[in-house]
Amino acid sequence: MINPSKTRIWIGLDDTDTPDSGCTTATFDDLINSISHLPNFQVLERRLVRLWPFAERRTRGNGALSCIIECSSEAIADFEKILSSFFTNLEDSLKLHGKIDSRTSPALMYSFVEINEDLYWEAVRQKVEISDRIKKISGINKMTLNSEWGLIGASSAMAWKPHADSTWELVAWRYPKNVGRKRRISSSIVKEMELNHPETFVNRDPTKEKGLIAPRTPCPVLYGIRGSSSQAVLSAHEWLQSNPEVEKCQRFAIHRTNQLSDDHITGFSTSTVLTNPIETKGAHSSLEVIFMGSSKTLVAFKEGGEVNRLLRKLIPGDKISWMGLESPDGSIHLERLRVDSPVPRVTGRPVCCNNKTMRSAGNNQPLRCDFCPKIIEKHWQFKEIDLTDLELIGGWVEPPPSQRRHLSRPLSLGEPILSHSD
Ligand SMILES: [Zn+2]
């Protein structure tokens, strides 16, 4: 039941960070603090929402923030006044520090009614045209600076509807005096935290013995702990902060998030491999598969670890399952891969005396033995293989944690669901 004397408000913020400093999460926390004295003020939930990873003008994370608050209905005029002056101050401070460039387009929005969830689904799966988005949000209060691009993230974050298995992220911010200095949080402490708090995840990349919770940029975030419940991330945070070797944070907040949801893709597909993999030196490998009746390019990046290694072993005829995100050039960037049924592999030419391979003198020449007069028609020998031969006992493979997208669900959290089959 909504208290009749209270008003519920959805607030969205995006793109207040700049390439070299700032962080939208901290600005959003400042914003919430600036309205926290309103009568009967309550934050119902904060949300951190990741959007389509290929969006233009965005970094790899592509995240935006929203929250749902309540306050006394009589305080609405004050609320609007505070938000407006907050945005003006943000503008002044960005300009003062020369932080406004064409890549920064802050947007702040608020609404007294819930926003259509379709706006979220559009922005997490595909490119959104700003002109189209502006039409769809014409009735919502908004403030923008520089350009209107930030409205896509702000409105999509407000439109997202969490569900039972949404994940959580606790973001802890640094004391301003520490910003710019090395963060005091060692990878061994992160490892211990993970062992003690099994409901947290993506804390480390075990393939590199590297902690993943602390950013590498000069932003004010000390760390972000991801987990399956708000209690799990809070308890891991308290455990970290009680350790004298860990840098003390100035403040923190818990966000519900769409991270690890796989919302950006529509389940896995099964396909037959059409071509051998092509390896681009040091960068990526790709091959063609049959997908929904036509040919589609699957791409695995060098950093994709096992996904890349497995793709390179595939040959035409192999039946595979895959998950990935369609890039603007139409190719699919693989996020998970599995071989379901491999075709027999060539093992080489037949052997004869002394266990030596028979050889051909050239085109249209038969195979001869170097040691006896035997001559046979040129052919290859094949071997039936099973998944063990491809070192695929585990089924699905995925990139290491440091290379996975925020939106991607790790295999440790369950098997992907089938979307298309050919
Ligand atoms: Zn022989």
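This is a predicted model, so every value here is computed, not measured.

### What about the overall build of the chain?
Next up, step 1: Across its full length, the chain holds eight helices and 23 strands.
Next up, step 2: Each principal axis of the C-alpha atoms in the chain carries an extent, and together these give about 100 × 50 × 45 Å.
Next up, step 3: Burial analysis of the chain (422 residues in total) assigns 49% to the buried set.
Next up, step 4: Accessible surface for the chain amounts to roughly 20400 Å². Of this, 51% is attributable to carbon and sulfur atoms.
Next up, step 5: Seen as two clouds, the 54 positive and the 52 negative side-chain charges of the chain have centres 6 Å apart.

### Digging into the side chain of S66
Next up, step 1: Residue placement: S66 occurs in strand β3 (residues 63–72).
Next up, step 2: Using a relative accessible area of 2% as the deciding quantity, one classes S66 as buried.
Next up, step 3: At 2.9 Å, the side chain of S66 forms a polar contact with the backbone oxygen of A157.
Next up, step 4: S66 has contacts with I11, G12, F28, E45, R46, R47, A157 and M158, leaving out every residue within four places of it along the chain.

### Describing the environment of R226
Next up, step 1: Positionally, R226 belongs in strand β10 (residues 221–227).
Next up, step 2: Judged by relative accessible area, which is 10%, R226 ranks as buried.
Next up, step 3: Between the C-alpha atom of R226 and that of K319, which follows or precedes it by 93 residues, the distance is 35 Å.
Next up, step 4: For R226, the residues in contact, after removing those within four places along its chain, are W168, E169, T200, F201, V202, N203, L212, V233, Q259 and H406.
Next up, step 5: A distance of 3.2 Å separates a polar side-chain atom of R226 from the backbone oxygen of V202.

### Things to note about the sheet that holds strand β15 (residues 294–301)
Next up, step 1: If you walk across this open sheet you meet the seven strands as β13-β14-β15-β17-β16-β12-β23, and the pairing is mixed. Two strands close off the open sheet at either side, each with one partner strand: β13 (278–280) and β23 (418–421). Put simply, the sheet's adjacent strands are angled 35 degrees from each other on average, direction ignored.
Next up, step 2: Where strand β12 (residues 268–272) meets strand β16 (residues 319–326), four bridges bridge the pair, whose relative direction is antiparallel. Along β16, the bridge assignment pairs S271 with I320.

### Overview of the domain arrangement of the chain
Next up, step 1: Looking at the chain, the domain boundaries give domain 1 (6–159), domain 2 (167–257), domain 3 (268–344 + 384–421) and domain 4 (345–383).
Next up, step 2: Just the C-alpha atoms count here: the centres of domain 2 and domain 4 sit 61 Å apart.

### Considerations on the pairing of strand β4 (residues 107–111)
Next up, step 1: With five of five residues buried, β4 lies mostly within the body of the structure.
Next up, step 2: Across the two faces of β4 the burial is the same, with A107, M109 and S111 and L108 and Y110 all buried.
Next up, step 3: Across four bridges, the pairing between β4 and strand β5 (residues 141–144) is antiparallel. Pairing of L108 across the sheet is with M143, part of β5.

### Side note on the packing of helix α1 (residues 24–35) against helix α2 (residues 76–96)
Next up, step 1: Interhelical geometry of α1 versus α2 gives an angle of 145 degrees and a closest axis separation of 10 Å. Classified by chirality, the crossing of α2 by α1 is right-handed. Between α1 and α2, the residues in contact are T27, D30, L31, S34 and I35 and F79, I82, L83, F86 and L90, respectively.
Next up, step 2: Looking at the contact of α1 with α2 residue by residue, the class counts come to seven nonpolar, two polar and one charged.

### Side note on helix α7 (residues 230–241)
For an α-helix, the turn length of 3.6 residues means that residues three or four places apart are oriented alike.
Next up, step 1: With twelve residues, α7 extends 16 Å from end C-alpha to end C-alpha; this agrees with the ideal 16 Å at 1.5 Å per step.
Next up, step 2: When α7 is considered as a whole, its buried residues turn out to be A232, V233, L234, A236, H237, L240 and Q241.
Next up, step 3: In this structure, the buried residues of α7 make contact with β6 (167–173), α6 (187–196), β7 (200–201), β10 and β11 (251–257).

### Quick look at the environment of E238
Next up, step 1: Along the chain, E238 turns up in helix α7.
Next up, step 2: Relative accessible area serves as the criterion here: at 47%, E238 is assigned to the partly exposed category.
Next up, step 3: Separated by 29 residues in sequence, E238 and E209 have C-alpha atoms that sit 23 Å apart.

### Focus: the nonpolar core
Next up, step 1: If you look at the biggest cluster of nonpolar residues, it comprises 27 residues, and the most contacted ones within it are I11, I35 and F79.
Next up, step 2: Listing elements by their share of this core, those giving two or more residues are β1 (6–14), α1, β3, α2 and β4.
Next up, step 3: Here this core gets eight residues from one element, more than from any other, and that element is α2.
Next up, step 4: Discounting chain neighbours no more than four positions away, the residues touching I11 are F28, L31, I35, L65, S66, C67, I69, F79, L108, M109, Y110 and M158.
Next up, step 5: By size, the runner-up hydrophobic cluster in this structure holds 24 residues, among which are V49, A123, I130 and L151.

### Some thoughts on the pattern of salt bridges
Next up, step 1: According to the stated counting rule, one finds 24 salt bridges in the structure shown.
Next up, step 2: Taking the shortest distance from any N to any O, the salt bridge between R256 and E45 comes out at 3.3 Å. Of this pair, R256 sits in strand β11 while E45 sits in strand β2 (residues 42–50), placing them 211 residues apart in sequence. The same class applies to R256 as to E45, namely buried.
Next up, step 3: The partner of K136 in a salt bridge is E122, and the shortest N-O contact between them spans 2.6 Å. With a gap of 14 residues between them, K136 in helix α4 (residues 130–136) and E122 in helix α3 (residues 118–125) connect regions that are remote in the sequence.
Next up, step 4: Each member of the salt-bridge network shares a partner with another, and the members are D29, D30, R46 and R251.

Cut-offs applied
Residues numbered from 1 in each chain as written. Predicted model: local features only at pLDDT ≥ 70, side-chain atom pairs only at ≥ 80, totals over all residues. Heavy atoms only, no water. Helix = DSSP H or I, 4+ residues; strand = E, 2+ residues; numbered from the N terminus. Buried < 20%, exposed > 50% of the residue type's maximum accessible area, 1.4 Å probe, protein only. Areas by Shrake-Rupley, 256 points an atom, 1.4 Å probe, with all protein chains shown as cover. Lys, Arg positive; Asp, Glu negative; His and termini not counted. Charge placed at Lys NZ, Arg CZ, Asp CG, Glu CD. Polar contact = N/O pair within 3.5 Å; in protein donor to acceptor, adjacent residues only side chain to side chain. Contact = heavy atoms within 4.5 Å. Pairing = 2+ DSSP bridges. Axes fitted to C-alpha atoms, helices over the stretch in contact; angles between N-to-C directions. Domains from an automatic or database assignment. Left-handed = near helix turned anticlockwise from the far one by under 90°. Nonpolar A, V, L, I, M, F, W, Y, C, P; charged D, E, K, R; others polar. Expected span 1.5 Å × (residues − 1). Core = buried A, V, L, I, M, F, W, Y, C linked by side-chain atoms within 4.5 Å. Salt bridge = Lys/Arg side-chain N within 4 Å of Asp/Glu carboxyl O.

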